[in-house]
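Per-entry structural report
Here is what each chain is made of, one letter per residue.
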Amino acid sequence: MPNRNMMIEVENLSHTYMKGTPMEHVALKGAGMYAYEGDCIAIIGHTGSGKSTLIQHFNGLIRPETGKVIIDGEDLSKKKLDLKALRRKVGLVFQNPEDQIFEKLIGDDIAYGPFKLGLPVKEVRESVKWAMDVVGLDFSRMKDRQTFALSGGQKRKVALAGILALKPKILVLDEPTAGLDPRSRNELLDKIKFLNKEEKLTVVFVSHNMEEVAYLADRVYVMADGTDVLNGTPKEIFTDKEKLKRYQIGTPETVQVLYRLTNLGFNVNTAAFTINEASNEIIKVLAGKEEGTRYV
Ligand SMILES: Nc1ncnc2c1ncn2[C@@H]1O[C@H](COP(=O)(O)OP(=O)(O)OP(=O)(O)O)[C@@H](O)[C@H]1O
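Residues numbered from 1 in each chain as written. Predicted model: local features only at pLDDT ≥ 70, side-chain atom pairs only at ≥ 80, totals over all residues.

With that settled, the discussion passes to the overall build of the protein chain. In terms of regular secondary structure, the protein chain is built from 12 helices and 10 strands. Dimensions of the protein chain, computed from the C-alpha atoms along their principal axes, are close to 75 × 50 × 40 Å. The buried share of the protein chain, taken over its 296 residues, is 39%. Of the contacts made within the protein chain by residues no fewer than 6 positions apart, 65% connect residues no fewer than 24 positions apart. (Helix = DSSP H or I, 4+ residues; strand = E, 2+ residues; numbered from the N terminus. Buried ≥ 20, exposed ≤ 12 C-beta atoms within 10 Å, placed from the backbone. Contact = placed C-beta atoms within 7 Å.)

Shown next, in the form of structure tokens:
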């Protein structure tokens, strides 16, 4: 167990939407997960498996029905929960940035959260500047631009900056790169990595993209039918052939290439799933240096 604070602790969590109506739907059934300070956790799983429902508990958007959610030592089941303080600590970035942008101008939109907290104007301005800088939006050039005229990728940056301006300790992202072009996607992944590794934010993100899971995550939770069915490092998850099949988990393309090479009789290490490690394995094959495939 790491010698760091436990930031997120979920135990046996269940949630039913529209309980007691004909539309009743059980979205979570005894789910669990944990994250230590500074962790970067990916949550993966098929559509409808309960990922978004789970993460919406972390900032109190959904309150625990049964089971436990403890954030930085605070039990979210307690009656007198300070939601304002919780939402300052846990920044949740929605899948759709449109759900998060309300103001006419970019700068005002990003300033909204810190302003509502009653921070002095100078501090608000500094937070907005810092947040815009982190996401790669030039403060003086962009702060007075209209939010409605932004591209999808820019809107995503503004939504993320609005959350970052509150200086959260925990950053929760629901499919952060969905719909982005490859360049914007890579830029955003690097920002998330920076926030996690340099700014020491605890990060939890939901993703369907196994490349970004392999690139960012220290640990992965696999959800199915409203519960966590598997967790481990990306290496443990992406190299367990039997479990990949059982839970129909996708793999990064690097892993698929390495498995194909193994099937063709090449002695490559299928656990080498990052781009750099996988490239080295392929280079080894091309150079004819791999062992165990010399037939003559
Ligand atoms: N507000 C709601 N009212 C009723 N049912 C809902 C609501 N939100 C989600 N659900 C249902 O709960 C289940 C879990 O939804 P959730 O959004 O948590 O899944 P998910 O794993 O995040 O899916 P995706 O990968 O498609 O985003 C789904 O069957 C969904 O239809």
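Read from one edge to the other, the open sheet built from four strands follows the order β2-β1-β4-β5, with strand pairing classed as antiparallel. Strands with a single pairing partner mark the edges of an open sheet, and in this sheet they are β2 (25-36) and β5 (74-75). Here eight bridges tie strand β1 (residues 6-17) to β2, and the two strands are oriented antiparallel to one another. The residue of β2 that forms the bridge with valine 10 is methionine 33. (Pairing = 2+ DSSP bridges.)

Both faces of strand β6 (residues 90-93) are covered, namely the face carrying Val90 and Leu92 and the face carrying Gly91 and Val93. Inspection of the sheet shows β6 paired to strand β7 (residues 170-174) by four bridges, in the parallel sense. Bridging from a neighbouring strand, valine 90 pairs with isoleucine 170 of β7.

So, on to the site of the ligand. Around the ligand, the structure places Tyr17, Met18, His25, Ala27, Gly45, Thr47, Gly48, Ser49, Gly50, Lys51, Ser52 and Thr53. Taken together, the elements giving at least two residues each to the shell around the ligand come down to β2 and α1 (51-55). At three residues, the largest contribution of residues to the shell around the ligand is made by α1. Classifying every residue of the shell around the ligand by side-chain character gives three nonpolar, eight polar and one charged. (Near = placed C-beta within 6 Å. Nonpolar A, V, L, I, M, F, W, Y, C, P; charged D, E, K, R; others polar.)

A word on the UniProt feature "domain: ABC transporter" (unreviewed entry) in the protein chain. Within this numbering scheme, the UniProt entry marks residues 8-250 as carrying the feature "domain: ABC transporter" (unreviewed entry). Counted over residues 8-250, helix gives 37% and strand 26%. Its end C-alpha atoms are 26 Å apart. (UniProt positions renumbered as here; feature names shortened; annotations may be inferred.)

Here we take up the sheet that holds β7. Strands sit in the order β6-β7-β8-β3-β9-β10 across an open sheet of six strands; the sheet is mixed. Looking at strand neighbours, the two that pair on one side only are β6 and β10 (227-232), the edges of this open sheet. On average, each strand axis in the sheet is tilted by 20 degrees relative to the strand beside it, whichever way the strands run. As paired elements, strand β3 (residues 40-45) and strand β9 (residues 219-224) share five bridges and run parallel to each other. Residue alanine 42 lies in a different strand from β9, and its bridge partner there is valine 220. (Axes fitted to C-alpha atoms, helices over the stretch in contact; angles between N-to-C directions.)

So, on to the confidence of the model for the protein chain. Put simply, the protein chain has an average pLDDT of 91, and 97% of its residues get 70 or more. Looking across the protein chain, the model is least confident in helix α10 (residues 241-246), with a mean pLDDT of 83, and most confident in strand β8 (residues 202-206), with 98. Here the predicted complex carries an ipTM of 0.98, next to a pTM of 0.90. (pLDDT = per-residue confidence, 0-100.)

A separate point is the nonpolar core. Formed by 73 residues in total, the largest nonpolar core has its most connected members in Ile8, Ala42, Ile43, Ile110, Ala161, Val172 and Val204. Examining the composition of this core, we find that six residues originate from one element, helix α6 (residues 152-164), more than from any other. Both domains that furnish three or more residues to this core are identified here as domain 1 (6-251) and domain 2 (252-291). Ignoring sequence-local partners within four residues, the contact set of isoleucine 8 consists of Met33, Tyr34, Ala35, Phe58, Ile71, Ile170 and Val204. (Core = buried A, V, L, I, M, F, W, Y, C linked by C-beta atoms within 7 Å. Domains from an automatic or database assignment.)

Taken together, the five bridges between β9 and β10 define a ladder with antiparallel strand orientation. By the bridge assignment for β10, tyrosine 221 is matched with asparagine 231.

Looking now at the domain arrangement of the protein chain. Segmenting the protein chain into domains produces domain 1 (6-251) and domain 2 (252-291). The interface of domain 1 with domain 2 comprises eight residues on the first partner and eight residues on the second. Counting only elements with at least two residues in the side of domain 1 that touches domain 2, the list comes to α8 (210-216) and α9 (234-238).

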